[in-house]
Amino acid sequence: MPNDFPIRKIIHVDMDAFYASVAQMDNPELKGKPIAVGGGGTRGVISAASYEARKFGVKSAMSGRLAIKLCPELIFVRTDFARYTEISKQVRQIFYDYTDLVEPLSLDEAYLDVTENKKGNPSASLLAEEIRTRIFNEVGLTASAGISINKFIAKVASDYNKPNGQKTVNPEEVLQFLEDLDIRKFYGVGKVTAEKMYQKGIFTGKDLKAKTLDYLEEYFGKSGRFYYHVVRGIHTSEVKPNRIRKSLAAERTFNENLSSEIFMLEKLDHIAEEVSKRLHKSKVTGKTVTLKIKYSDFTLQTRSKTLPYYISEKSIVLETAKDLLYQEKLSNSVRLLGISLSNLNTDASNSKQSNPIEKPISVQLKFEF
């Protein structure tokens, strides 16, 4: 079978319970104890939970009120993004000692293309082990890693031996690995999509692979094509050192539900100011303003407006957000408001997307990992 795919060695590094681990590192008294970052107060939402807390079912995006019921001994700590950013920069500097092809996904995870690396080491698995060891010795935190032939499989693999572990999916193991994979483990398949797949009799990668492209596109839209290819080991996305921002946003959850639009305007003023600051800091502008509204019953609504010109100034962001707020009557009291700006002036350089290759996969059987 002809070799249709570029040979790549991809590592996905994911810090273990990053926010919580930083808190435990900075305060040794918290080590070994169940902690939650954020989520304090009666309406707070948890940003991260330590592994000790996760054993009780505490997890990110959970309300602090529910978390304390699950784990009465839970300790809440404040978020400290300045500290997380500082640590993240230290970790990334280690990455750059191995390759310049580093694509951060967030403060606590990144892809590394080590096909050709600064150490001249042909083994991506050994490089991942060395990187994780250095992170522990030099930063004081543990990290997990996934290693394989593309970004999708590497990311899935990094979750396998958490915390403080790694998994390599060798080229000859790729297809079997994907067939055996629980559909919930597929990166890009959320809870709602997983439930829909269950209804269609799709529980594993093997079940997914049995469906035709037409079938998947019919029931899952554009995502169907993605699922069709990744389950066959096809994911041609390169590690992009300079990821192009698609949107920029800020939001606030309120201590008490707001029912008056007058009070909401005051909150929008602060949110618009934060969005504007982030836009100027990132040196970007955008055309589409989106107002995010989360009601007291947790239902979510978004309202958007696209302007004929790029903006970044607070006054215009705020006025547009006000127009969206008054666009239609609110259906309930509000617990959260957010403003985002998309259709950024960075999008044009990212408009040409290559279509997924629809040829059968040719797995590199002799590719040393």
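Presented here is a report on the structure given in the accompanying data block. Small disclaimer: the values here were computed from a predicted structure and weren't measured.

1. What to know about the overall build of the protein
Here is step 1 of the chain: When you go through the protein residue by residue, the secondary structure sums to 13 helices and twelve strands.
Here is step 2 of the chain: Per-residue burial over the protein gives 45% buried out of 369 residues.
Here is step 3 of the chain: Of the contacts made within the protein by residues no fewer than 6 positions apart, 65% connect residues no fewer than 24 positions apart.
Here is step 4 of the chain: Total accessible area on the protein stands at roughly 19,400 Å², and carbon and sulfur atoms take up 49% of it.

2. Brief notes about the environment of L330
Here is step 1 of the chain: With respect to the helices and strands, the residue L330 is situated in the loop between α13 (314-325) and β12 (334-344).
Here is step 2 of the chain: Given the relative accessible area of 13%, L330 is considered buried.
Here is step 3 of the chain: Taking the C-alpha atoms as reference, L330 lies 8.8 Å from E261; in sequence the two are 69 residues apart.
Here is step 4 of the chain: Once residues within four sequence positions are removed from consideration, L330 is found in contact with E261, M264, I293, Y295, R303 and L325.

3. Here's the deal with the pattern of salt bridges
Here is step 1 of the chain: Counted under the stated rule, the structure contains 20 salt bridges.
Here is step 2 of the chain: A salt bridge links R134 to E138, with the nearest nitrogen and oxygen atoms 2.7 Å apart. Placement of both R134 and E138 in helix α5 (residues 124-138) is noted, with a separation of four residues, approximately one turn of the helix.
Here is step 3 of the chain: The closest approach of N and O atoms between R225 and E217, which form a salt bridge, is 3.1 Å.
Here is step 4 of the chain: Taking the relative accessible area as the measure of exposure, R225 reaches 24% and is therefore partly exposed.
Here is step 5 of the chain: Taken together, the salt bridges that share partners define one network made up of D269, E273, K277 and K314.

4. Structural notes on the sheet that holds strand β11 (residues 300-311)
Here is step 1 of the chain: A sheet is described by the order of its strands in space; here four strands give the open sequence β9-β12-β10-β11, paired in antiparallel fashion. Edge positions in the open sheet fall to β9 (247-258) and β11, since each of these has one partner strand only. Along the sheet, successive strands turn relative to each other by an average axial angle of 15 degrees, direction set aside.
Here is step 2 of the chain: As paired elements, β9 and β12 share eight bridges and run antiparallel to each other. By the bridge assignment for β12, A249 is matched with S340.
Here is step 3 of the chain: Contacting β10 (286-295), β11 and β12, α13 runs over the sheet at an angle of about 140 degrees to β11.

Conventions we followed
Residues numbered from 1 in each chain as written. Predicted model: local features only at pLDDT ≥ 70, side-chain atom pairs only at ≥ 80, totals over all residues. Heavy atoms only, no water. Helix = DSSP H or I, 4+ residues; strand = E, 2+ residues; numbered from the N terminus. Buried < 20%, exposed > 50% of the residue type's maximum accessible area, 1.4 Å probe, protein only. Contact = heavy atoms within 4.5 Å. Areas by Shrake-Rupley, 256 points an atom, 1.4 Å probe, with all protein chains shown as cover. Salt bridge = Lys/Arg side-chain N within 4 Å of Asp/Glu carboxyl O. Pairing = 2+ DSSP bridges. Axes fitted to C-alpha atoms, helices over the stretch in contact; angles between N-to-C directions.

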